[in-house]
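Listed below, chain by chain, are the residues.
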Amino acid sequence: MKKLQIAAIQTHPEFGAVQANIDTALGLIPVGCDLAVIPELFNTGYQFTSKEEALGFAENLTGDDPGPTCTRLTRFAGDTGTTVVAGLAEVCGDKLFNSAVLIRPDGSRDVYRKVHLFLDEKSIFTPGDLGFPVFQACGTTIGMMICFDWIFPEAARSLALAGAEVICHPSNLLLPWCQDAMITRCQENMVVAVTSNRVGTENRTGKPLTFSGRSQIVSPMGERLSTLDKDATGAASATVTILEKDKLFTPRNNLWSDRRLDMYRNSTD
Ligand code: ACM
């Protein structure tokens, strides 16, 4: 059993104001936190008007030459001892991904690329090509998924089957259902989920988007340990107990060994 101090950071980025958006997000992280999760595309804002515009902000996350956001987050993690997970646009060769980066206090980092793109993201980004990997950080096993990945239960299930104990979920949620659905995702996988959402409205294309806030930290039994409201910025924080890996939902129900793989479909064929 291990206790972690976790925070879900809720921001209201100004489109394109990268340095100010980073300052605001880092300024909201509580002192002494082990793990802080910052929203999807937190440094830029969400509503790009073209792939070219997004490319102008995108950063290299996997090479030896990280961009300004990654460098700032790395310095912050080193100075504070907080592991940071944050969403931002990633360029890799000629591809542009909607990604999340995990940065540890020792400066090492890992990346997840959003697998399930939402609506007009399909005109901007390439779907993620790394699957749903898990990583060791702050004494636990961490998986990442981004925003709309929530509607596909396979995303959280893949992370849990790979051993994730904490799912970090940077988001820019528009639809109102995810926060409730994540309760079920946590229960059906017995994992902690940290959904870090943004607030505010963006209207850069004539199609206004209002983000739904309500960032939250949910326990493996589906309790909301901390939550924010729909329009204020802030940090939802909680001390989370990471359970043993036994997946016993009741004394006689193990979520892994009770599955009936011979009874399930994997496709519509
Ligand atoms: C979303 O996936 N940003 C709605």
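Rules and cut-offs
Residues numbered from 1 in each chain as written. Predicted model: local features only at pLDDT ≥ 70, side-chain atom pairs only at ≥ 80, totals over all residues. Heavy atoms only, no water. Pairing = 2+ DSSP bridges. Helix = DSSP H or I, 4+ residues; strand = E, 2+ residues; numbered from the N terminus. Axes fitted to C-alpha atoms, helices over the stretch in contact; angles between N-to-C directions. Contact = heavy atoms within 4.5 Å. Left-handed = near helix turned anticlockwise from the far one by under 90°. Nonpolar A, V, L, I, M, F, W, Y, C, P; charged D, E, K, R; others polar. Core = buried A, V, L, I, M, F, W, Y, C linked by side-chain atoms within 4.5 Å. Buried < 20%, exposed > 50% of the residue type's maximum accessible area, 1.4 Å probe, protein only. Polar contact = N/O pair within 3.5 Å; in protein donor to acceptor, adjacent residues only side chain to side chain. Salt bridge = Lys/Arg side-chain N within 4 Å of Asp/Glu carboxyl O. Arc of directions from axis to C-beta. Phe/Tyr/Trp six-rings, centres within 6.5 Å; stacked < 30°, edge-to-face > 60°. Lys NZ or Arg CZ within 6 Å of the ring centre and 35° of its normal.

### A word on the sheet that holds strand β5 (residues 109–113)
Spatial ordering of the open sheet is given by β5-β4-β3-β2-β1-β14, a layout of 6 strands whose pairing is mixed. Since the sheet does not close on itself, it has two edges, and those belong to β5 and β14 (234–242), each with one partner. With direction set aside, neighbouring strand axes in the sheet form an average angle of 30°. In terms of strand pairing, strand β1 (residues 2–10) meets strand β2 (residues 35–38) through 3 bridges, oriented parallel. Among the inter-strand pairings, I6 is bridged to a residue of β2, identified as L35. Strands in contact with helix α3 (residues 68–80) are β2, β3 (83–92), β4 (95–103) and β5; relative to β4, the strand with the most contacts, it is inclined by about 10°.

### A word on the packing of helix α4 (residues 153–161) against helix α5 (residues 178–189)
Contact geometry for α4 and α5: axes closest at 10 Å, N-to-C directions at 35°. For the element pair α4 and α5, the recorded crossing hand is right-handed. Of the residues in α5, those in contact with P153, A156, R157 and A160 of α4 are R185, E188 and N189. Here the residues of the contact of α4 with α5 sort into 3 nonpolar, 1 polar and 3 charged.

### A few points about the nonpolar core
Among the nonpolar cores identified, the biggest contains 58 residues, and L35, M145 and V166 are the most heavily contacted of them. When sequence neighbours within four positions are dropped, the list of residues in contact with L35 reads Q5, I6, A7, T82, T83, V85, C138, I142, V166 and C168. Counting 22 residues, the second largest nonpolar core, distinct from the first, contains A7, I22, I103 and V111.

### Quick look at the sheet that holds strand β8 (residues 166–170)
Reading across the sheet, the 6 strands line up as β6-β7-β8-β9-β12-β13 and stay open at both edges, with mixed pairing between neighbours. The sheet is open, and its two edges are formed by β6 (134–137) and β13 (224–227), each paired on a single side. For this sheet, the mean inter-axis angle between neighbouring strands, taken without regard to orientation, is 20°. Its contacts with the sheet place α5 against β8, β9 (192–196), β12 (216–218) and β13, and it is angled at close to 20° to β12.

### With respect to the side chain of E121
Tracing the backbone through its elements, the reader meets E121 in the loop between β5 and β6. The buried category is assigned to E121, whose relative accessible area is 4%. There is a polar contact of 2.5 Å between the side chain of E121 and the side chain of Y46. If we skip the residues at most four places from it in the chain, E121 touches E40, Y46, N98 and K114.

### Some remarks on the pattern of salt bridges
For the coordinates displayed, the defined rule picks out 13 salt bridges. Salt-bridge contacts for D120 lead to K207; the nearest nitrogen and oxygen are separated by 2.9 Å. Here D120, found in the loop between β5 and β6, pairs with K207, found in the loop between β10 (201–202) and β11 (209–210); they are 87 residues apart in sequence, far enough to count as distant. On the accessibility criterion, D120 (43% relative accessible area) is partly exposed. The class of K207 is partly exposed, set by a relative accessible area of 47%. One salt bridge connects K230 with D231, and the closest N-O pair in it is separated by 3.1 Å. With relative accessibility at 52%, the residue K230 sits in the exposed group. Taken together, the shared-partner salt bridges in this structure form one network comprising E40, K114 and E121.

### Structural notes on helix α1 (residues 18–27)
Residues of α1 that are buried: V18, N21, I22, A25 and L26. For α1, the angular spread of the buried residues around the axis is 125°, confining them to a single face. Close packing links the buried residues of α1 with β1, β2, α2 (51–57) and α3.

### Details of the packing of aromatic side chains
With the rule as written, the count across this model stands at 8 aromatic pairs. A centroid spacing of 6.2 Å and a plane angle of 45° characterise the contact between F48 and F57, whose relative ring orientation is tilted. Stacked on the ring of F15, the Lys or Arg R204 has its end atom at 3.6 Å from the ring centre.

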